[in-house]
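A structural walkthrough
Given next are the chains, with one letter for each unit.
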Amino acid sequence: MENVKVIIWGLGAMGSGMADMLLKKKGVDIVGAVGRGAKVGKSMYDYMATPRGDRPDILIGEPEDVIKEGAADVVLCCTDSFTKKAFDRLKFVLEKKINVVSCAEEMAYPKAQSPEEAKKLDDIAKANGVSILGTGINPGLIMDLLVVIMTGCCEEVEHIVSRRVNSLSPFGPVVMNEQGIGISKEEFLDGVKTGKLSGHVGFHESINMIADAIGWKVDKVTQSMEPIITDVERVAPHKTATPGQTAGCAMKGFGYVDGELKIEMDHPQQIEPEQVGVQTGDYVIITGKPNINMVNSPEVPGGIGTIAMCVNMIPHVINARPGLWTMIDLPVPRAIMGDMRDLICPDAKIVK
């Protein structure tokens, strides 16, 4: 079998990190890169930590010049956070009969807020014989799939709290702007009011994923969003917050089943939390039979976590039947320490 062929769309912090990770793996080749603006025509290696060395150069191109039928087995789409904004790009790839892994947060469970677009993507994928998955560290694993897995040892589940205290420092400018990093408290509150700031994207998706997985039907999802103001200067790779500015965003989400609060999301995140003595961590607290209190501290780092989730799910997406899938549909993620080709089913839809 030839190597698995991958195209990366978007070479920001996540896309370039996925490229770096892929170059360390066996049985897989990066065969194209898509960007925009000043990046077009430049070497992919200009935006990566890994030096080119003696590898063939890959020039960043426009979508229509790079993403063509038969060009790759999968496209890692590292643009946007929202299903509606990502839709046209995802549709473009699927119609070229290429599988897709998207790190857009809402794509982790798109029917939660964009059921029409989710249905269209499912139909398009099936019509073209390919599969599409949205995943990442959160949503995609820590605050949803991990919770679902932990309910597997429960006879009864009464109430769920999923808590993630994490650092935003590994993420790029898009996430920083969505979180309101480096602006005043007044600007933050105004951004929340007007919808300019999205903060963490994914509570609706995580809550609905958990509920659907265990057989609850969600009536309503609400959320709150408050600024974390710093009293010291914090310098992250892609953003700085000075004293009095917003260094993070404390968000909570609430999922109601039959009018009763059943699922709670607690997610304070900020740049350089260790500078102010904040200990990061991931927590799953389930009230049921038995009770579950899972603690992982410090947190699973968000940047490398999202990068690894997208790369490690490539074989499962290639092997899947055509259609739109989520993390509760496909085999559980696992690290790929051997040859990626060994994980591809013989009859999978792969470029020959």
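Residues numbered from 1 in each chain as written. Predicted model: local features only at pLDDT ≥ 70, side-chain atom pairs only at ≥ 80, totals over all residues. Heavy atoms only, no water.

On to the pattern of salt bridges, then. Applying the stated criterion across every chain yields a total of 14 salt bridges. Among the ionic pairs, Asp 57 bridges to Arg 52, the shortest N-O distance being 3.9 Å. Judged by relative accessible area, Asp 57 falls into the partly exposed class, the value being 33%. Notably, a salt bridge pairs Glu 299 with Arg 164, separated by 3.1 Å at the nearest N-O pair. With a gap of 135 residues between them, Glu 299 in the loop between β14 (292-296) and α9 (302-312) and Arg 164 in strand β7 (residues 156-167) connect regions that are remote in the sequence. No difference in accessibility class separates Glu 299 from Arg 164, as the two residues are buried. In the salt-bridge network here, residues are joined through shared partners; they are Arg 163, Lys 252 and Asp 266. (Salt bridge = Lys/Arg side-chain N within 4 Å of Asp/Glu carboxyl O. Buried < 20%, exposed > 50% of the residue type's maximum accessible area, 1.4 Å probe, protein only. Helix = DSSP H or I, 4+ residues; strand = E, 2+ residues; numbered from the N terminus.)

Among the secondary structure elements, Met 309 is positioned in helix α9. Using a relative accessible area of 6% as the deciding quantity, one classes Met 309 as buried. Linking Met 309 and Val 174, residues 135 residues apart in sequence, is a C-alpha distance of 19 Å.

Attention now moves to unusual backbone geometry. In this structure, Pro 290 follows Lys 289 across a cis peptide bond, with omega equal to 0°. Assignment of secondary structure puts Pro 290 in the loop between β13 (281-289) and β14. The omega torsion of the bond from Ser 297 to Pro 298 falls at 5°, within 30 degrees of zero and hence cis. Residue placement: Pro 298 occurs in the loop between β14 and α9. At Asp 80, a position not held by glycine, the phi torsion is positive, near 70°.

Below, the discussion takes up the packing of aromatic side chains. Per the counting criterion, the structure on display carries one aromatic pair. Residues Trp 9 and Phe 92 carry aromatic rings whose centres are separated by 6.3 Å and whose planes lie at 80° to one another, so their mutual orientation is edge-to-face. Taken together, the residues Trp 9 in strand β1 (residues 4-9) and Phe 92 in helix α3 (residues 83-94) connect sequence positions 83 residues apart. According to the relative accessible area criterion, Trp 9 is buried, its value standing at 8%. Given a relative accessible area of 23%, Phe 92 falls into the partly exposed group. Between Lys 39 and the ring centre of Tyr 47, over which it is positioned, the NZ or CZ distance is 4.9 Å. One Lys or Arg, Lys 220, reaches over the ring of Tyr 256 and ends 4.7 Å from the middle of that ring. (Phe/Tyr/Trp six-rings, centres within 6.5 Å; stacked < 30°, edge-to-face > 60°. Lys NZ or Arg CZ within 6 Å of the ring centre and 35° of its normal.)

What follows concerns helix α4 (residues 115-127). Its 13 residues place the ends of α4 18 Å apart at the C-alpha level, agreeing with the 18 Å of an ideal helix rising 1.5 Å per residue. Buried residues of α4: Glu 117, Ala 118, Leu 121, Asp 122, Ile 124 and Ala 125, and no others. Down the axis of α4, the buried side of the element spans an arc of 165°, and every buried residue falls inside it. Turned more than 90 degrees away from the buried face of α4 sit Glu 116 and Ala 127, all of them exposed. Each element contacted by the buried residues of α4 is listed here: α3, β6 (131-134) and β15 (323-325). Phi turns positive, to about 70°, at Gly 129, one or two residues after α4. (Expected span 1.5 Å × (residues − 1). Arc of directions from axis to C-beta. Contact = heavy atoms within 4.5 Å.)

Adjacent strands of a sheet pair through backbone hydrogen bonds, lying either parallel or antiparallel. Pairing within the open sheet is mixed, and its six strands lie in the order β8-β11-β12-β7-β13-β14. Looking at which strands have only one partner, the edges of the open sheet turn out to be β8 (218-229) and β14. Averaged over all neighbouring strand pairs, the angle between strand axes comes to 10°, with direction disregarded. (Pairing = 2+ DSSP bridges. Axes fitted to C-alpha atoms, helices over the stretch in contact; angles between N-to-C directions.)

Spatially, seven strands are ordered β3-β2-β1-β4-β5-β6-β15 in an open sheet, and the strand pairing comes out parallel. Strand pairing shows two members of the sheet lacking a second neighbour, β3 (60-61) and β15, which therefore form its edges. Of the strand pairs in this sheet, strand β2 (residues 28-34) and β3 are connected by two bridges, and their pairing is parallel. Opposite Val 34, over in β3, you have Gly 61 as the bridge partner.

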